[in-house]
Structure formats: C-alpha cells, structure tokens
Amino acid sequence: MRRLRAFFCIRQELTGLYAAGLCLTLLVALLSVFPPLAVQKSELALYDLMLSGRTRAPQSQVPVVVGIDEDSLAAFGQWPWPRYRLALLVEQLQQLGAQVVALDFLMPELDRTAPEVIQSERQRDRVETNNTDGPSTSAPRAQPWFDGNSQRLAEALGRGPTVLGYYLGFSPSSTPGGALHPPTSPEGMVVSRSLHGTGQWPQPTGHIRSLPLLTDAASAEGFTNALQDMDGTLRRVPLLLSSPQGQDTPSLALAAALLSSPQRSLRLDTDPTGAVLHWGTRQIPLDRSGNLLLDWRSSPPRYVSALSVLQGRMASDSLRGNIVVVGAWAQGLGDRHLTPAGKSTYGVAVHATVLDNLLSGRFIARPSWARGAELLAVVIAGVLCTLFLSRAGFAWSVGVVVVGTAGLYGAAYQLLVQEGLHLSPLLPMVALVLISSVLSLLKYGFEERQLLLRTQELSEAQDSIITSFSALAEVRDKETGGHILRTRRYVELLAEQLSTTPAYAYLTPSDIDLLGKSAPLHDIGKVGIPDSILQKPGKLTAEEYAIMQNHPLIGAEALAKVIAGTGRPGEKSFLDYARQMVEAHHERWNGTGYPHRLKGQAIPLAGRLMALADVYDALISKRVYKRGFSHDEVRQMLIEESGAHFDPDVVNAFLAREADFLRIAKKWADPPLPAEAAVAAAPVN
C-alpha cells in the first residue's frame, strides 16, 4: 500500500512539473510574440554585446570624412562659416579628385555674413547714417533667396557631383519648408517595387531644405535623418523614403553612392516583415520600417581636417575616386550619436559608415523569419528542458542550463559575426533559466513535503515506541494509564509557559515537543519493581519504599542502553529528555530528593517539570489508599513547597496555567474505582 501511494505521489509530482514547465514555456512564447519594453531593451543590449565580435569585410577606402573640427574653427572662426569659404572648400576637394562631395549640413536661409545681407539688416534696423563727406557706398540689397556668398557656393556645387543634405519631418505640425518641388534625386535613379507596399514605412509630412539656389545647383539631395532606438543608441538608419510630395528619395549616403556609380536602378522587394533593396548585385536588407542595420566598424573612417584642405596641405589627387562627406567634427557643434559600442560619434561618421556598408556589400540582416525562429527555439528549449529537468537531479539541471544557454548564445553569436544574420537568443535562454529555476524550486518543495511526511511517519513511530514502553508500566501498575496521558499534557503546558520567560527563552517548539514525548516514560523503571510492592494496596514498609526508590535508576539505565544502541549518543533526542526525566523526577529543589539528592539548577529541567506534574496528578487523583484532593488544595500545597520540593519558576508557570491544568485533570480523569462503580450501579430502595 505504501509503495502504491509513493507511486501515485511521484506521478502527481511529475504531472505538476510538466504542467509548470509547459505554462512557463507558453509565457515566454507570449513574450516573444508581444515583447514588453524590458525585453526589447534587453535584446538590444545582447545584440550590442554580440556585435562587438563581428567578423567584417575589409573596410572600404572610398568614403572620406572632411571634418569642421576645433583646429578649423580656431583658424577660420566660428561656425557657420561664410558660404564663400564653403565654396573654396568644395572647389579644393574637387581639385583633389573627389568623385562626389556630400555636405552634411542645412543652409535654409541666406548667408548672414554676405555684404548685401548685412546691409539689408542694417537698413531694417535703421542703423545706417548718411555719409556727409562723400557719396554713399552702400552695398546692394539682398534678394529673398539670393546673396553673393550663396551664389558663389552654388557655382562650386555645379562644377561636379555634389549632394546636399536635408531633413525630413514626421510630426503633424511639420511644414514643407523651402521650395515646394520635391528634393532632387540622382539623375537616372529609378525605383521599382514588388506588389507589396510600404505601408509600415514612416511617411514624412514636411522637410527642411537648403536655399533653392543651392538645391538647383547640386546634383542631388539626400535626407540626413538618423533613427535612435528606445535606449538612445543609433543602430539603424533609413535608406529610402517618400518625400512629402510622394516621390522616392534616398538618404545622403545612398544618394552619394548612386552618384558614384553608373548603376542607378533600384528594386525594392517588400513583405510584411521586411524588405530587400536591390542595387546592382547588392542585396541590401531592410527592416519593416525601411531601415538598414548598421555594421559599425571598430575603427573610424578615413578622416581629413577641413583646415588641411583649405590651407592646401593635401597632396595632389589624394582624394581621387573618393566620396567625401563634409560635416561637423567639433565638440560644440552637436550632431553626436551613441553607437552600440557605447562610444559617441558624429553624424558625418554615420553617413560614412552607411557608405562603407553599401560599397563593401556586407550587411547585417534580421530575416523575415527571425521572430518565428526565435519562437520555435523558445518552444523547443522549453519542452526539452521541462521533460529532462523534471526527472534530473540538481547537478544535471545546472549542467543542462549552462550548456543550453551557452549553446544558444554561441549559435546566435556565430550567425551574427560570421553570416551577418541577427537572431536574438535572449528569450530561449530566458526559457531555460526560468524553467530550470522554477522546476528546481518545485522539486525542492516536493522533496520537502516528502521529508515532512517521512518525519511525520518517524514521529508516529516514536510515539508508538513510547506507547509500547509506557504500556509495560501500565500492565504492571493499573493506576498509571491516565496518569501517563495527563502528565504529558502538564509537562507541555509548563514548558510552553517557561519558554515565554527570558530565562527559558531557549526552549523551542521542538524542545517542548520532545519534553512532552518523554513524559510518558518517566515511570518506565517501575517494570523492574516486584509486583508485590508495585501492586500493594496499602502503605509500603520502609524496606519496600527503599526498593521503590530504585525505579528512577532502573529506568535511566535502560534508556541509557537504548541511547547507546542508536549509534548517535551525542545527538539530542526525546530519549535524552526521557532519561533525564526518569532519573530526576523524584529529586527535590532543596536537595532532599532521590536517587542522587541533586539540588537547585543541578536538577535537569526535564526532572523539575515532571516533579511538579507528577505530584499534582498524584494529589488530585483518587487512589484506593487515599482520597483525591481538590484543585485549590493541591494549588496551596504546591505553593507551600515552592523552593523546597519544587523549582519556584516551575511553580510560577503552574500558577499561570492552572486553569489548563484543571481542565486536563477533568477531561482525562481516571474511571471510577471498582468499589465506587458497584455502589453507583446498585439499585436505590
């Protein structure tokens, strides 16, 4: 029967473990389908960690950054510079052989440093004074969209392939701004599309562009928008969007790359989960919003200071065949972005990185089936983990979790660093760790429950042993049956009350339970007393009483042998308390007791407790040789014997719980003596 119960218990536990594991698998699967903000941020952080070890194609030498840095500002003054100086910079770059020059800044207003603009503002502010010493030499007045410096820059832009940056706005309040005609795309750029639309791609509502004078002169325009993720890190940029007028328009980097190539036909294949932009032999993966995941380089692109270009310190043809991106490279000019490596970089370096990715032809892709693969990995990991860990031990469980999480991370890492495929291992790893942790806790709980059941069985076995030993005394002494039961309850009451005092605060519930279990054995030594003495109805003689006084030693010796036979004599158990109680329950506080005439604290606590419990029960119970005293009489006797026969602390404990003592005495009172029963049963005449 016990084996059958154990079998069903194990089956029930396994069913519970399976159910818990599968529920957790379902929970993690739901997190994969509907990832909360915390999961998304964790996946981004894990992606950054894996990206740091990516094996990349050789860095393209075509992109070159020309930065407006601190040295340039120190030499030529604060930013923005006069546009004639920008014209000189563009002309110098063209003379050095730059294939394409891209300007990563906006110029939507007239050049405030142009003479005609200054003159117009002075007249507007009424600070002009008449020259009484000669004719007026005032500069010509500026037109709304024209100034001499901008004209000078426009002429420089028109001499070679150039790209101007502009900004797309996506808020409802954005206005078209600048010219009403759409931004200029590279000549010959054609975009063909698959049947699927780009409904999830952001739709701009306005833009900020440079002066029409400049945009008309440039070869093309490209938007400079960069997309930061929820944690403020720049990992992706849009490549191709629709202008507010509905025309396909490229980013600054894509426009520069198209101008450098005779191949300017693009094909966009889209589906609900992503897109692929085909440019010649290159297949550029985009996400569902049309963004390219940046493959950041460990080293920055080739850099040249604008100061070196303007001062003519560059070697002839040193930029032959290069795409030059000009932009801010000084601390105070803003336009800085946080990279996945935790470093800050300038916007002009972002465009150079996009160019490097496009020209090297090596990309990072999150395939359209990525989320489905991650979901499948969660389910497989969860189910296998549940099936295995439900039966495995702790060491195997830890090993499986370590190997499983390392394997998932290693596989995702290799796909990213070698193949450029981004699959997040986060949630499959979470499934392994979560399921293993919960199942381990559940198994611990089940084992603890089994241990409690086994402990309960052992406790019941102990009680059976105690009952068996006590029955020996009961067989020999017919008056001890109820006495054994009552004294156990008395001892427990006294120990519980003492435990509430500072001097006995060390008594734990376990100690109290052991003391209670020990109580029934306190008269076990009477089995060694002859029946003629033990069952004598009258008063014992002095010789018989001396023999009766040996029963504590007889019982203590028997229990000592039992304790020694357990193999753990130094371990505290109810038998230790029982031996102390058996041997010392007839000792007196003043040292006049037996068998060792111990005094005060030298008497074990178990003996002091039983001394009072034994006397109380003997006095209040009726015997053939005496009447039963009332509770009040017994109470008075115990008080009078406090400090003489009994420990005063134990007497105080009795006084605090005397109502419980009386209740127990009545509830478990001995049955009427035979003579009394006969009288009660006789008919009344």
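Everything numeric in this text was worked out from a predicted model, so none of it was measured. (Residues numbered from 1 in each chain as written. Predicted model: local features only at pLDDT ≥ 70, side-chain atom pairs only at ≥ 80, totals over all residues. Heavy atoms only, no water.)

Caption draft 1: Structural detail: the overall build of the protein. Secondary structure assignment for the protein yields 24 helices and 18 strands. The 685 residues of the protein split such that 45% are buried. A fraction of 77% describes how many contacts in the protein between residues 6 or more apart in sequence connect residues 24 or more apart. (Helix = DSSP H or I, 4+ residues; strand = E, 2+ residues; numbered from the N terminus. Buried < 20%, exposed > 50% of the residue type's maximum accessible area, 1.4 Å probe, protein only. Contact = heavy atoms within 4.5 Å.)

Caption draft 2: Inspection of empty space enclosed by the protein at higher detail. What the rule picks out here adds up to three cavities of 30 Å³ or more. Looking at the largest cavity, its volume works out to about 60 Å³. Of all the secondary-structure elements, those providing two or more residues to the lining of the largest cavity are β13 (282–286) and β14 (291–293). The greatest single-element share of the lining of the largest cavity, amounting to three residues, is contributed by β14. Its residues placed into classes, the lining of the largest cavity shows six nonpolar, one polar and three charged. (1 Å grid on protein atoms, 1.4 Å probe; cavity = no way out; pocket = protein on both sides within 12 Å on 5 of 7 lines; lining within 4 Å. Points joined across faces, edges and corners; volume = space filled by probe spheres on them. Nonpolar A, V, L, I, M, F, W, Y, C, P; charged D, E, K, R; others polar.)

Caption draft 3: Highlighting the confidence of the model for the protein. For the protein, the mean per-residue pLDDT works out to 85, and 86% of the residues sit at or above 70. Scored below 50 in pLDDT, residues 131–137 shows zero contacts in the model against residues more than four places distant or in partner chains. (pLDDT = per-residue confidence, 0-100.)

Caption draft 4: Summary view of a nonpolar patch on the surface. A cluster of nonpolar side chains, contributed by Leu22, Val379, Val383 and Leu387, occupies part of the molecular surface with about 300 Å² of accessible area. Tallying contributions element by element places helix α11 (residues 370–389) first for the nonpolar patch, with three residues. With respect to the secondary-structure elements, Val379 resides in helix α11. Judged by relative accessible area, which is 35%, Val379 ranks as partly exposed. (Patch = residues over 30% accessible without salt bridge, like charges linked within 9 Å, V, L, I, M, F, W, Y side chains within 5 Å. Areas by Shrake-Rupley, 256 points an atom, 1.4 Å probe, with all protein chains shown as cover. Salt bridge = Lys/Arg side-chain N within 4 Å of Asp/Glu carboxyl O.)

Caption draft 5: Spatial organisation of the nonpolar core. Counting residues in hydrophobic clusters, the biggest one holds 53 residues, and the most contacted among them are Val163, Leu239, Leu277, Ile284, Leu286 and Leu358. The element best represented in this core is helix α8 (residues 252–259), accounting for eight residues. Ignoring anything within four residues of it in the chain, the contact list for Leu358 reads Leu239, Ala253, Leu254, Ala257, Trp279, Arg282, Ile284 and Phe363. Counting 42 residues, the second largest nonpolar core, distinct from the first, contains Val491, Leu521, Leu575 and Leu619. (Core = buried A, V, L, I, M, F, W, Y, C linked by side-chain atoms within 4.5 Å.)

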